[in-house]
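Take a look at the letters that make up each chain.
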Amino acid sequence: MVDVCNYNSRDKLSSNCNNNDSSTHVKRKSKNVGRASNPVPIVRTKKMKRSQIAKLVAGFSLLYLVAQTLLIFMVRDRDIQRDLEWKKKVHESFHVASKTIRKPVKSDKVSNKREAIDDRDEYVGTDTANKLSELSISAASSKTGGNALCSVLPKSISSASTLWGDRLRDILAASQHPDDPQYSHKNWTESLLAELSPTQLGNAVVSEPLPDQISKVLNILKKRLESSIESKYEAKPLLIAVLGGAITEGDGCDLASVPIPTGSIMGNPTYCAWPYRLESFVNTILGFDAVKISNMAEDGTSTLVKTPLLKYWMYPDSLLPEGPDIIIHAYSSTDALPFEHENESLADTLRRELRAFIKSVKYSRPCGNSPLVLYMDDSGLIDEKLMKEGNLMSISYSKPVSRVAKVDSSDGILNSEVPFGMAGHISIAWVLAFAMVDAFIKHCGHIDRDSMPAAGESISDVKCQDSPCIIAWMAPGTTKRPKDINDAIEPFITENVGWRAMSDISTGYFRKVGLIALEPNATISIEYQNIPQDVRVLTLMIVQSYGDKWLDSRARFTLMVNNSSFNSGSNVSDTGGVNDAINENGNLKKTVKYQTQFDIEGTHQMSNHITFPFELNLESDFAVAGDDLLLKIDLIGGRTFKIIGMMFCNR
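What comes next concerns the included structure.

How each quantity is defined
- Residues numbered from 1 in each chain as written.
- Predicted model: local features only at pLDDT ≥ 70, side-chain atom pairs only at ≥ 80, totals over all residues.
- Heavy atoms only, no water.
- Helix = DSSP H or I, 4+ residues; strand = E, 2+ residues; numbered from the N terminus.
- Buried < 20%, exposed > 50% of the residue type's maximum accessible area, 1.4 Å probe, protein only.
- Contact = heavy atoms within 4.5 Å.
- Areas by Shrake-Rupley, 256 points an atom, 1.4 Å probe, with all protein chains shown as cover.
- Disulfide = S-S within 2.5 Å.
- 1 Å grid on protein atoms, 1.4 Å probe; cavity = no way out; pocket = protein on both sides within 12 Å on 5 of 7 lines; lining within 4 Å.
- Points joined across faces, edges and corners; volume = space filled by probe spheres on them.
- Nonpolar A, V, L, I, M, F, W, Y, C, P; charged D, E, K, R; others polar.
- Pairing = 2+ DSSP bridges.
- Axes fitted to C-alpha atoms, helices over the stretch in contact; angles between N-to-C directions.
- Salt bridge = Lys/Arg side-chain N within 4 Å of Asp/Glu carboxyl O.
- Core = buried A, V, L, I, M, F, W, Y, C linked by side-chain atoms within 4.5 Å.
- Phe/Tyr/Trp six-rings, centres within 6.5 Å; stacked < 30°, edge-to-face > 60°.
- Expected span 1.5 Å × (residues − 1).

1. Section: the overall build of the protein chain
Then, number 1: Along the protein chain, the regular secondary structure elements total 17 helices and 20 strands.
Then, number 2: Sorting the 651 residues of the protein chain into buried and exposed places 48% on the buried side.
Then, number 3: In the protein chain, once contacts between residues fewer than 6 apart in sequence are set aside, the share between residues at least 24 apart is 77%.
Then, number 4: Summed over all atoms, the accessible surface of the protein chain reaches about 32,800 Å², with 50% contributed by carbon and sulfur.

2. As for the state of the cysteines
Then, number 1: This model, assessed by the stated rule, comprises two disulfides.
Then, number 2: Sulfur-sulfur distance for the disulfide between C469 and C649 comes to 1.9 Å. Judged by the torsion about the S-S bond (95°), the C469/C649 disulfide is right-handed. In this pair, C469 is assigned in strand β10 (residues 469–474) and C649 in strand β20 (residues 641–649), connecting sequence segments 180 residues apart.
Then, number 3: Judged by its relative accessible area of 9%, C469 falls in the buried class.

3. Some details on the side chain of H425
Then, number 1: Along the polypeptide, H425 turns up in helix α16 (residues 422–445).
Then, number 2: Once residues within four sequence positions are removed from consideration, H425 is found in contact with I247, G250, D251, G252, C253, C272, A273, W274 and F420.

4. A few points about the layout of surface pockets
Then, number 1: Taken as a whole, the second largest pocket encloses approximately 1,200 Å³ of empty space.
Then, number 2: Lining the second largest pocket are 47 residues, with S294, N295, P316, S318 and K480 sitting closest to its centre.
Then, number 3: Elements represented by at least two residues in the lining of the second largest pocket include exactly α10 (269–272), α11 (274–286), β6 (291–295), β10 and β13 (511–517).
Then, number 4: If one sorts the elements of the lining of the second largest pocket by residue count, β6 sits on top with five residues.
Then, number 5: Residue composition of the lining of the second largest pocket, grouped by class: 25 nonpolar, nine polar and 13 charged.

5. With respect to the sheet that holds strand β19 (residues 628–637)
Sheets are built from strands that pair by backbone hydrogen bonding, the pairs being arranged parallel or antiparallel.
Then, number 1: Read across the sheet, five strands follow the order β11-β14-β19-β16-β17 without closing on themselves; strand pairing throughout is antiparallel. In the strand order of this sheet, the two ends are held by β11 (493–497) and β17 (592–601), each with one partner. Ignoring which end each strand starts from, the neighbouring axes of this sheet average 10° apart.
Then, number 2: By the bridge criterion, four bridges tie β11 to strand β14 (residues 523–528) in an arrangement that is antiparallel. Pairing of N496 across the sheet is with I524, part of β14.

6. Things to note about the pattern of salt bridges
Then, number 1: Inspection of every chain in the model, using the stated rule, returns 17 salt bridges.
Then, number 2: For the salt bridge of R351 with D348, the shortest nitrogen-to-oxygen distance reads 3.6 Å. Separated by three residues within a single helix, R351 and D348 lie in helix α13 (residues 346–361), roughly one turn from each other.
Then, number 3: For R351, a relative accessible area of 22% puts it in the partly exposed group.
Then, number 4: What makes D348 partly exposed here is its relative accessible area of 38%.
Then, number 5: In this structure, E384 and K388 form a salt bridge, with 3.3 Å as the shortest nitrogen-oxygen distance. Residue E384 and its partner K388 are located together in helix α14 (residues 384–389), separated by four residues, close to a single helical turn.
Then, number 6: Owing to a relative accessible area of 55%, E384 belongs among the exposed residues under this scheme.

7. A closer look at the nonpolar core
Then, number 1: One finds F557, F641 and F648 to be the most contacted residues of the largest nonpolar core, which totals 74 residues.
Then, number 2: Residues W188, L196, L218 and I247 belong to the second largest nonpolar core, which totals 67 residues.

8. Concerning the pairing of β20
Then, number 1: The buried fraction of β20 amounts to nine of the nine residues, a majority that puts the element mostly inside the structure.
Then, number 2: Bridging between strand β15 (residues 537–544) and β20 involves seven bridges; their strand directions are antiparallel. In the sheet register, I542 faces β20, and the bridge partner there is I643.

9. Observations concerning the sheet that holds strand β4 (residues 205–207)
Then, number 1: Sheet architecture is open: six strands sit in the order β4-β9-β8-β7-β5-β6, paired in mixed fashion. The open sheet is flanked by β4 and β6, the only strands paired with a single partner. Neighbour-to-neighbour, the strand axes of the sheet open up by a mean angle of 20°, direction not taken into account.
Then, number 2: Bridging between strand β5 (residues 238–243) and strand β7 (residues 326–329) involves four bridges; their strand directions are parallel. When the bridges of β7 are listed, I240 appears paired with I326.

10. What to know about unusual backbone geometry
What you tend to see is this: most non-glycine residues have negative phi, and most peptide bonds are trans.
Then, number 1: The residue after L320, namely P321, is reached through a cis peptide bond having omega 5°.
Then, number 2: For P321, the location among the structural elements is in the loop between α12 (303–311) and β7.
Then, number 3: Even without being glycine, N391 reaches a positive phi, approximately 50°.
Then, number 4: Positionally, N391 belongs in the loop between α14 and β9 (392–396).
Then, number 5: Since its relative accessible area comes to 36%, N391 is described here as partly exposed.

11. Quick notes on the packing of aromatic side chains
Then, number 1: All chains considered together, the criterion is met by eight aromatic pairs.
Then, number 2: Seen from their ring centres, Y271 and Y276 are 5.3 Å apart, and the 90° between their planes marks the pair as edge-to-face.
Then, number 3: For Y276, a relative accessible area of 13% corresponds to the buried category.
Then, number 4: Ring centres of F492 and Y528 lie 4.7 Å apart, and the angle between their planes is 45°; this geometry places the pair in the tilted category.

12. Quick look at α11
Then, number 1: Relative to the 18 Å expected for 13 residues at 1.5 Å per residue, α11 spans 18 Å between its end C-alpha atoms, a close match to the ideal helical length.
Then, number 2: When you tally the buried positions in α11, you get eleven out of 13 residues, the bulk of the element.
Then, number 3: Looking at α11, one finds that the buried residues are W274, P275, Y276, R277, L278, E279, S280, F281, N283, T284 and I285.

Here is the structure:
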């Protein structure tokens, strides 16, 4: 007789089985199976012990770790081999059967940037310019759109790495600073270029732009090219706005192991920072003035500070009236400060600021659609989801920049405040140029070059919106000099004791422009009568600093809204001395609709200066067109206070 066994839920033999019998057991016959059916033998296996399972898991984990380590070493060895091959190629390109064709130098001063560029090696940009010229004449039809520029690329060039390697001499020559006519930095620049292989440049690209964004950029470049060749109309260049902190403003860009030519503007941050070098590099490579870059970076600012600048179109004249086509977000992780949330992590601070920035980008252009945003990431703390949410093109630049910066033997002149010098600024220009070329080539590879659609709208077909603010000024957006602040507020000042628009010119150029209190108890009153549009939000940009000069610095702000309807029966509350609301006959000029008062500190305990935004939402008591706005600022503590931005806007 055959023993019949049942299995319970824990896979143990039932009591009907002889647990001591090692013979084969079978399951109980199913009711649906006839007696003639042969029983199916079940082989009973021993259950593995927990210790055995742990050993097995540990073995597989070790095997996986070894495989990962081997893969890392293989990739590293491959990259090292590619870097060595790149260095060899650079050396052979410039030292084996190389020749330099140079025109006579006209001047050692840069009075005309294009003149200086034209004095460079003849081969720079000529091939590209000739091909683009032929293209623009044969493909000027609007049906081809900006994608027509894809025809310039030979089909044999399938990647940015190939193009970069083929144009080595052009890249080196285009890296020449316009105010270094003898190219005294040529050998030094060559050593930097040899260190940064296409592999390193390609690894810096984290996320790519959307196809329609690239098409719009190409469309602008195409129109600019056609206008520069045919001169029938003036098309704007590709407008790029750069936002950032001290490094992007130019801190350290004059530090290098090679001397700066005597009298050269290369020592001025405006002309040695990477945004200036990027503009010069791109225009030289393309052979025409294709792009215009406006560097709006400012030491001591953060993403939150520049967000209103986009929202309220506070751009320099070079970006108006359309606004920027590309915005480069170049704030580093060290520029982010948790003013509102002191206990949050750096990652949370960066994400919070970036979300507000992305939201403002949607309103950043008075005309047309939102611009392409290029996010320069030095932390790796921004997740991919947020990148996609904002349609950001992301570049991780830390590794390639630090790699190049180490080549320069400028030890002792750099520190934690200035992580890299001139070499780093040059390499950032290369990283960004390579990333854009990479995006263009990939875009062109995914479209039919023989049948390319039009790209983007024409500015002439788009209705531009009116400014959302009755007044808006901010350094360094709309404000470069003290005169700019005076022009913005002087017509509305009714009282001023001890306040003055000033800037720091210790470096030889205007910077850190602001409205500054120069003496204790300084006071200023600003009145905007019969405002032309609604005002819902007041935004102030306040500087906080340290040291004896800023000790106990504190200002009191009093804001009052008077509506446009007269009411002789109403009472007026104490306005704190803000432009007496009662006329000489003892009657109300206008009814006081809203009044508030708040204090802001102008000092802090950190050993640096920062700028932070203060925003007051008037909510239901907002000022409507025809109302009067009165703002009084009193210095109630210390002997100085600084404001670098003031906005009265409808959103």
